[in-house]
Amino acid sequence: MTLKINGLVGGYSQVPVLKNISFEVRAGQVVGLIGLNGAGKSTTINHVIGLLTPQKGSITIDGVTLLASPEKYKSKMAYIPEIPVLYQELTLKEHIELTIMAYGMNKEKAWARARKLLKTFRLSNKLEWFPANFSKGMKQKVMIVCAFLTEADFYVIDEPFLGLDPLATRDLLNLIEKERKRGAAILMSTHVLSTAQEYCNYFVLLHQGKIRTQGTFEELRNSYQDQQASLTDIYLGLTQEVTDDE
Ligand SMILES: Nc1ncnc2c1ncn2[C@@H]1O[C@H](COP(=O)(O)OP(=O)(O)OP(=O)(O)O)[C@@H](O)[C@H]1O
């Protein structure tokens, strides 16, 4: 699976938020989308999942655009939004059943996988409950269970750590690593740079709708000319340079 974003100009109105964004996410890669508040991370993700249409440039998954083949484009993808989206009138069990139906999965295999995920995220005894009334972290866990249930080729994860307790954060990171090793591609936006440094193997640093730099951690360190620098140091240094130039 390869996501290719090429020369993307886009946003919510005629005035673009994203200005000529190009990067790729390949099988076996966790790509960290990093940037300050308002840098354009969620806007990029909204374009990737098809909520927004490019004004210029293209987004393809294995060579296919959303417009050319919506089913092919979307069937490869599982998305975890920053703010959990749950159905008021459905129980946790029904959310899982809906996901199984939507992705056309084998029920037995999918439920076996769901049970494991529910156990990992300590939700096994909540199947008959209504997630709309769960705490923020528990709602986030439901989104994680439903997304990872699908064994997607491509995961899009928007700021997943907000509201998760340390146990759930660890379990999610283990899951991401396991899926990456299985060959999935993962695009993840986050402000938790220490975690990103450890778990992502490629970084796209966004600033004011533009890509400030991209590469592996080693490549970022080399171009920053500081072998001891952390991702936070590099990011703050680069955004500071841009702000100073203005
Ligand atoms: N629905 C919207 N309509 C119009 N403009 C929007 C909308 N959502 C975001 N924007 C604008 O797009 C720009 C980028 O916002 P975006 O949400 O992509 O940032 P972000 O990097 O995800 O920030 P954060 O870290 O705060 O989540 C901001 O200037 C924001 O005001």
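Cut-off values and rules
Residues numbered from 1 in each chain as written. Predicted model: local features only at pLDDT ≥ 70, side-chain atom pairs only at ≥ 80, totals over all residues. Helix = DSSP H or I, 4+ residues; strand = E, 2+ residues; numbered from the N terminus. Contact = placed C-beta atoms within 7 Å. Domains from an automatic or database assignment. Nonpolar A, V, L, I, M, F, W, Y, C, P; charged D, E, K, R; others polar. Near = placed C-beta within 6 Å. pLDDT = per-residue confidence, 0-100. Pairing = 2+ DSSP bridges. Axes fitted to C-alpha atoms, helices over the stretch in contact; angles between N-to-C directions. UniProt positions renumbered as here; feature names shortened; annotations may be inferred. Core = buried A, V, L, I, M, F, W, Y, C linked by C-beta atoms within 7 Å. Buried ≥ 20, exposed ≤ 12 C-beta atoms within 10 Å, placed from the backbone. Right-handed = clockwise from strand over helix to strand, strands pointing away. Left-handed = near helix turned anticlockwise from the far one by under 90°.

## Topic: the environment of D171
And step 1. Its location among the elements puts D171 in helix α6 (residues 166-182).
And step 2. In this structure, D171 is in contact with T120 and F121, ignoring residues within four places of it in sequence.

## Some remarks on the domain arrangement of the chain
And step 1. Once the domains are mapped, the chain shows domain 1 (2-76 + 153-245) and domain 2 (84-151).
And step 2. If you average the C-alpha positions of domain 1 and of domain 2, the two centres end up 25 Å apart.
And step 3. For the side of domain 1 that touches domain 2, the residue count by class is five nonpolar, one polar and three charged.

## Regarding the site of the ligand
And step 1. By nearness alone, every residue bordering the ligand is listed as Y12, V17, G35, N37, G38, A39, G40, K41, S42 and T43.
And step 2. When grouped by side-chain class, the residues that make up the shell around the ligand number three nonpolar, six polar and one charged.

## Comments concerning the confidence of the model for the chain
And step 1. The pLDDT averaged across the chain works out to 95; a share of 98% of its residues lies at or above 70.
And step 2. Here the predicted complex carries an ipTM of 0.97, next to a pTM of 0.95.

## Considerations on the sheet that holds strand β2 (residues 18-26)
Strand pairing in a sheet takes place through backbone hydrogen bonds and is either antiparallel or parallel in direction.
And step 1. The strand order across the open sheet built from three strands is β2-β1-β4, with neighbouring strands paired in antiparallel fashion. At either end of the open sheet lies a strand with only one pairing partner, and these are β2 and β4 (56-61). Strand-to-strand twist in this sheet, taken as the mean axis angle between neighbours without regard to direction, amounts to 10 degrees.

## Examining the UniProt feature "domain: ABC transporter" (unreviewed entry) in the chain
And step 1. The feature "domain: ABC transporter" (unreviewed entry), as given by UniProt, occupies residues 3-233 in the numbering adopted here.
And step 2. Helix makes up 38% of residues 3-233 and strand 23%, and the two end C-alpha atoms of the span are 28 Å apart.

## Remarks on the sheet that holds strand β6 (residues 154-158)
And step 1. An order of β5-β6-β7-β3-β8-β9 is seen for the six strands of this open sheet, with the pairing classed as mixed. Strands at the two margins of the open sheet, each flanked by one partner only, are β5 (77-80) and β9 (210-215). Across the sheet, the mean angle from the axis of one strand to that of its neighbour is 15 degrees, orientation sign disregarded.
And step 2. With five bridges connecting them, strand β8 (residues 202-207) and β9 associate as antiparallel partners. Of the residues in β9, the one forming a bridge with F203 is G215.

## What to know about the nonpolar core
And step 1. By size, the foremost hydrophobic cluster in this structure holds 65 residues, and its most contacted members are V145, A147 and I186.
And step 2. Looking at this core, the element that brings in the most residues is helix α5 (residues 136-149), giving nine residues.
And step 3. Inspection of this core shows a minimum of three residues originating in each of domain 1 (2-76 + 153-245) and domain 2 (84-151).
And step 4. Sequence-distant contacts of I186, defined by excluding residues within four places in its chain, comprise V30, V31, Y155, I157, I176, E179 and R180.

## Description of the pairing of strand β7 (residues 185-189)
And step 1. When you tally the buried positions in β7, you get five out of five residues, the bulk of the element.
And step 2. Alignment of strand β3 (residues 30-34) against β7, held across four bridges, turns out to be parallel. By the bridge assignment for β7, L33 is matched with S189.
And step 3. Direction of pairing for β6 relative to β7: parallel, over a ladder of five bridges. Its bridge partner lying in β7, V156 is registered against L187.
And step 4. The parallel pair β6 and β7, bridged by α6, forms a crossover whose chirality is right-handed.

## A closer look at the packing of helix α4 (residues 107-120) against α5
Two measures define how a pair of helices packs: the angle their axes make with one another and the distance between the axes.
And step 1. At a minimum axis separation of 9 Å, α4 and α5 run at an interaxial angle of 145 degrees. The two elements α4 and α5 meet at a crossing, and its hand is right-handed. Touching A110, R113, A114, L117 and L118 of α4 are V145, F148 and L149, all from α5.
And step 2. Of the residues contributing to the contact of α4 with α5, the split by class is seven nonpolar, no polar and one charged.

## Describing the environment of M143
And step 1. If you trace the backbone, M143 turns up in helix α5.
And step 2. Here the alpha-carbon distance between M143 and V31, two residues 112 residues apart in the chain, equals 20 Å.
And step 3. Among residues more than four places away in sequence, those in contact with M143 are I80, P81 and P84.

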